Amino acid sequence: MALKLQTFLHLFVLSILLCTSSSDHSLAKASAPPINALVAQITKAAETSLYTLSLSHKDYLLDLSGPLLWSPCSAGNPTVPCNAALGTHRYFAQGQCRCTARLTNPVTGDRAIVGDLTLVDVVTNATDGSTPTAEVTVGGVLSACAPAGFLGSSPLPAAVAGDAGLGRGCASLPAQLHSKLSLKRQFAVCLPSTVGRIGVAFFGDGPYGLMPPTPFDVSSVLSYTPLVRNPWNPSAYTIQLAGIAINQEAVQLPPGALDLVTLDTAAPYTVLRRDVYRAFVAAFQRATAKVPRVPAVAPFEVCFNISDLGFSSVGYAVAPVDLVMARGGANWTVFGFNLLADVAEDTACLAFVDGGWAAPSAVTIGGFQMENNLLVFDEAASRLGFSGTLLFIRTTCGNFNFARN
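Since the model is a prediction, treat every value here as computed from it, not as a measurement. (Residues numbered from 1 in each chain as written. Predicted model: local features only at pLDDT ≥ 70, side-chain atom pairs only at ≥ 80, totals over all residues. Heavy atoms only, no water.)

With that out of the way, let us pick up the side chain of Asp163. Residue placement: Asp163 occurs in strand S9 (residues 163–165). A polar contact of 3.4 Å, which involves the side chain of Asp163, links it to the backbone nitrogen of Gly165. Setting aside chain neighbours within four positions, we find Asp163 in contact with Tyr60, Leu61, Asp63, Leu68, Leu69, Trp70 and Pro106. (Helix = DSSP H or I, 4+ residues; strand = E, 2+ residues; numbered from the N terminus. Polar contact = N/O pair within 3.5 Å; in protein donor to acceptor, adjacent residues only side chain to side chain. Contact = heavy atoms within 4.5 Å.)

The share of residues in the protein with pLDDT of 70 or more is 86%, and the mean pLDDT across the chain is 88. Confidence drops under pLDDT 50 across residues 20–31; counting only partners more than four residues distant or on other chains, this segment forms 13 contacts. Below pLDDT 50 for its whole length, residues 84–88 participates in 5 contacts with residues either more than four positions away or in separate chains. (pLDDT = per-residue confidence, 0-100.)

This part takes up empty space enclosed by the protein. Tallying each qualifying case throughout the model produces 3 cavities of 30 Å³ or more. Looking at the largest cavity, its volume works out to about 130 Å³. As for the largest cavity, its lining consists of Ile244, Thr270, Leu272, Phe280, Val321, Leu323, Trp332, Val334, Phe352, Val363, Ile365 and Gln369. Of all the secondary structure elements, the ones that give two or more residues to the lining of the largest cavity are strand S19 (270–272), strand S23 (321–325), strand S24 (332–334) and strand S28 (363–365). (1 Å grid on protein atoms, 1.4 Å probe; cavity = no way out; pocket = protein on both sides within 12 Å on 5 of 7 lines; lining within 4 Å. Points joined across faces, edges and corners; volume = space filled by probe spheres on them.)

A full pass over the atoms with the stated rule returns 14 aromatic pairs. Pairing Trp332 with Phe386 gives two aromatic rings, centres 5.7 Å apart and planes at 20 degrees, and the pair type is stacked. In this pair, Trp332 is assigned in strand S24 and Phe386 in strand S30 (residues 383–389), connecting sequence segments 54 residues apart. Phe386 matches Trp332 in its accessibility class, with the two residues each being buried. Ring geometry for Phe400 and Phe402: centres 4.8 Å apart, planes at 70 degrees, overall edge-to-face. Through a chain of ring-to-ring contacts, three or more aromatic side chains come together here, namely Phe187, Phe203, Tyr237 and Phe377. In this arrangement the basic side chain of Arg383 is found over the ring face of Tyr224, its NZ or CZ atom lying 3.6 Å from the centre. (Phe/Tyr/Trp six-rings, centres within 6.5 Å; stacked < 30°, edge-to-face > 60°. Buried < 20%, exposed > 50% of the residue type's maximum accessible area, 1.4 Å probe, protein only. Lys NZ or Arg CZ within 6 Å of the ring centre and 35° of its normal.)

Let us now look at unusual backbone geometry. Cis geometry is found at the peptide bond from Gly206 to Pro207, where omega equals 10 degrees. Topologically, Pro207 is positioned in the loop between strand S11 (199–204) and strand S12 (209–210). Going from Ala298 to Pro299, the amide bond is cis rather than trans, its omega being 5 degrees. At His57, a position not held by glycine, the phi torsion is positive, near 65 degrees. In this structure, His57 sits in the loop between strand S2 (51–55) and strand S3 (58–63). The exposure class assigned to His57 is exposed, which follows from its relative accessible area of 65%. Positive phi is not limited to glycine here, since Asn372 has a value of about 55 degrees. Mapped onto the elements, Asn372 comes out in the loop between helix H4 (367–370) and strand S29 (373–378).

Printed below as a string of structure tokens:
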């Protein structure tokens, strides 16, 4: 509890620092036309099933809950001078007071020693929603310096350059891009399902165009649910569910278990607390009782021979799972494509993981369940937009046209 409170207070101080700072380091706009949105590539790493975001011609871990951007720094990196507002999160070196941040490995939860805050340039592309239109350099983005070896000692994708924290709060990458370029305070991610396809992230307003057969603005098919604040993880995107149903039958869950449901791309698959997991798996087994089982394949428990499964346009023909929103609106329905993961040439397994009793959230929606869904994190309206599987409209997250006009 004390550790989480300390982290919260530190991030709160960082937010004050950034939210009250000037935009002296913003991109010089001169006579260039205004930018409404930025676009960047997302890739899936084969060895970890995690996702990377392309920034400054490098790949950063796409960390949906991360509070800020961080990476190893060169010896001569600029440092951010601190002031009284930074409390104890400062130190003196060579007569200068410097601001620091305590970094956390988003996959393992391991905490590193503090690293200096610094300012970096971020290179990405402007977009009209259908293609990239021009390369853009955003100067003076607040980042943190990771200690030497911190990346290499963790189960992150190979050659990853750092962590792209997209979480809530003024120090996150989206918040800084929005502030510096006067973009709408929202961003969207569309995760690819295979290593060979390129997904897409948008920062700012739509349209969010995908092909084929013709360019289609996916924002036109979104449903919305409110974002809520998570007191234990203030940088996480959190929603509330009224229930979970399998084949339209409610799963019997403990009261209040779905009050704080987080979305986290640092979890390759959805993680359920032990009591929620046991009830969910039992209900799914009942709904698929007529399909023969095969031995479990870690970390999954319920597995099938692919030859025993039917197939449809939205994946394996198994009972769909409805995430029932607590405050009205459409359900987020998860079909076979996002329920069963191929683990061998002839085996597919229910892609939900038992998080044990110590799971930080009763439900953490992982990357696999988000693939080929467009998710819009609208901070201006404090809401999450979700498309449901894009397979219904004959497109995927790999169908953005990255060929520049």
